[in-house]
Amino acid sequence: VLEEIMADEGGMALNRPIVLHLLNRLHEFPEFGIVVILGLLPRYKPENEEESFQIMNLLDPILRSSSPAAMLGTVRVFLHLTGGNQDMQRRVMERVKAPLLTHVASAPPECAHTLLSHLELMGRLCPSVFDDEYRQMYVRYNEPTHIKYLKVNLLALLANIETAPDVCSELAEYVTDVDVRLSRLAVRAMARIACRLHPQGTAGEHGAAVSEGIVVRLVEFLETAHLTQHVAAEGACSLADVVRVHPALRGHVAPYLPRALKHVSDPHGKAAIIWMLGESADILTEAPYALEKLIDSYDAVGRMRGQSVIKAALLTATMKIFFKRPPETRDMLGRLLSHAVEDVSSQDLHDRALAYYRLLRSGPDQAQVIVTGRGPSVDKGGFLEEDTGKGSIRDLMREFNTLAVVYGKTSETFVNEEYRTKAIDVQWEEGEGMAPAATPAAVEPTPPAPVAAPATAPLDLTDVAP
């Protein structure tokens, strides 16, 4: 009551006597009262480390409570008291692992989803703590779909060098599920494991072997286009991301690309295959000829579903092949640029074709640097950041045990400022599982350069040589 009365003034004042008085009488409160007290404690700053340990010792019995809300509230207090000490945070995670997994197994679906969301966040904060419990994340046939989806994502997060083969075997079983979204998530999770266990990291050569095994499975999915289009399409998109992280694995994928290009009809899957053909032109003889068939049937491509995605990928891939094998690609690139410049279905494609043409006219060497430059990076922990849509771990940990963790975004994105509670500012330690806080620098707007009118004459590339 006192907290609600003084809400406009920042809530009731907390000092050492009040905190110890509440903690010593926690057993006298009902579940709701315990949760309220645990919500107040993060506002209190202990004077020294000894006092922090004293508070944690008094709260330790709450971890064995039958209430998931009280257990999560206790974890939040523990993380607040150990903020900035990565070693203590890891010890806290080890302590709460058993009660957390017990609640996940016994809680109703809605509560289990909330607990799993917090488990995912804690797994990112302290990697490898929950890895040995990966079997707890195996999907059960009678679980609701939202639990299945979250468990598949957690399997990709918890897999390591030793457990990756078992996890991928389990994920391969989900690929044949009648739920299309679950099937796609399983394929994506396998690719996420391959991207994270890269040879340049701590995984070493064993990580490369694991990635090769996953690529073999993904290629098998690519070959099922005549049976399950969504699996083949997702396999193509996932392979494209794995190849971006592991360019050396192109040799395992390239021989199957021309055949897959014929049978995959999903626009994003077909675009991913076209991109891989552009990257593999130096090791795959059939690469330019596979794309030439699409260029010659450009009008038919315009009638496909998602034509703009396919055309953009075709234009970029053909440009890349031109710099690797110019004699075979020069004529087909000229025809493609002519088609794209005259294409009125997509302004982006039209402008991109003009930009490529002018780059080639200004100097092939400069065009090669721009077109074949380093592509966008892949987030190996959360796969692609634009896919996950999650805020940084630093911001989410400040709102632990709130809806922000379930939504995967900070409260400022879905709660009006007048109803927003003040987040506890904890100096989280930057670690392997922490997402660095980025401060965008101000950029002065640059006025656009004048663009010359497009030429209406056919594009001639006979005088362009790389």
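Provided above is the structure to which this section pertains.
Here's a quick rundown of the structure. (Residues numbered from 1 in each chain as written. Predicted model: local features only at pLDDT ≥ 70, side-chain atom pairs only at ≥ 80, totals over all residues. Heavy atoms only, no water.)

**Re the nonpolar core**
Turning to step 1, where the next piece is worked out: Grouped together as the largest cluster of nonpolar side chains are 143 residues, with contacts concentrated most on L59, L171, I193, I273, I274, L277 and L291.
Turning to step 2, where the next piece is worked out: In terms of residue count, the dominant contributor to this core is helix α10 (residues 180–196) (10 residues). (Core = buried A, V, L, I, M, F, W, Y, C linked by side-chain atoms within 4.5 Å. Buried < 20%, exposed > 50% of the residue type's maximum accessible area, 1.4 Å probe, protein only. Helix = DSSP H or I, 4+ residues; strand = E, 2+ residues; numbered from the N terminus.)

**Examining the packing of aromatic side chains**
Turning to step 1, where the next piece is worked out: Under the counting rule described, the total for this entry stands at 3 aromatic pairs.
Turning to step 2, where the next piece is worked out: Judged by centre distance (6.0 Å) and plane angle (70 degrees), the ring pair of Y134 and Y138 falls under edge-to-face. The exposure classification of Y134 matches that of Y138, with both residues buried. (Phe/Tyr/Trp six-rings, centres within 6.5 Å; stacked < 30°, edge-to-face > 60°.)

**Concerning the packing of helix α5 (residues 68–81) against helix α6 (residues 86–106)**
Turning to step 1, where the next piece is worked out: With their axes 11 Å apart at the nearest point, α5 and α6 run at an angle of 165 degrees to one another. What the angle tells us is that α5 and α6 run roughly antiparallel. The way α5 lies across α6 gives a crossing that is left-handed. Along its contact with α5, which presents P68, M71, V75, F78 and L79, the element α6 presents V92, M93, V96, P99, L100 and H103.
Turning to step 2, where the next piece is worked out: In the contact of α5 with α6, the residues fall into 10 nonpolar, 1 polar and no charged. (Axes fitted to C-alpha atoms, helices over the stretch in contact; angles between N-to-C directions. Parallel < 35°, antiparallel > 145°, perpendicular 65-115°, else oblique. Left-handed = near helix turned anticlockwise from the far one by under 90°. Contact = heavy atoms within 4.5 Å. Nonpolar A, V, L, I, M, F, W, Y, C, P; charged D, E, K, R; others polar.)

**As for unusual backbone geometry**
Turning to step 1, where the next piece is worked out: Positive phi, normally seen in glycine, also occurs at S128, with a value near 80 degrees.
Turning to step 2, where the next piece is worked out: Take S128: it is sitting in the loop between α7 (109–125) and α8 (145–158).
Turning to step 3, where the next piece is worked out: Phi is positive for N401, close to 65 degrees, though the residue is something other than glycine.
Turning to step 4, where the next piece is worked out: Residue position: N401 is located in the loop between α23 (393–397) and α24 (403–407).
Turning to step 5, where the next piece is worked out: On the basis of relative accessible area, N401 is assigned to the partly exposed category, the value being 30%.

Distances and angles like these do not, on their own, reveal function.
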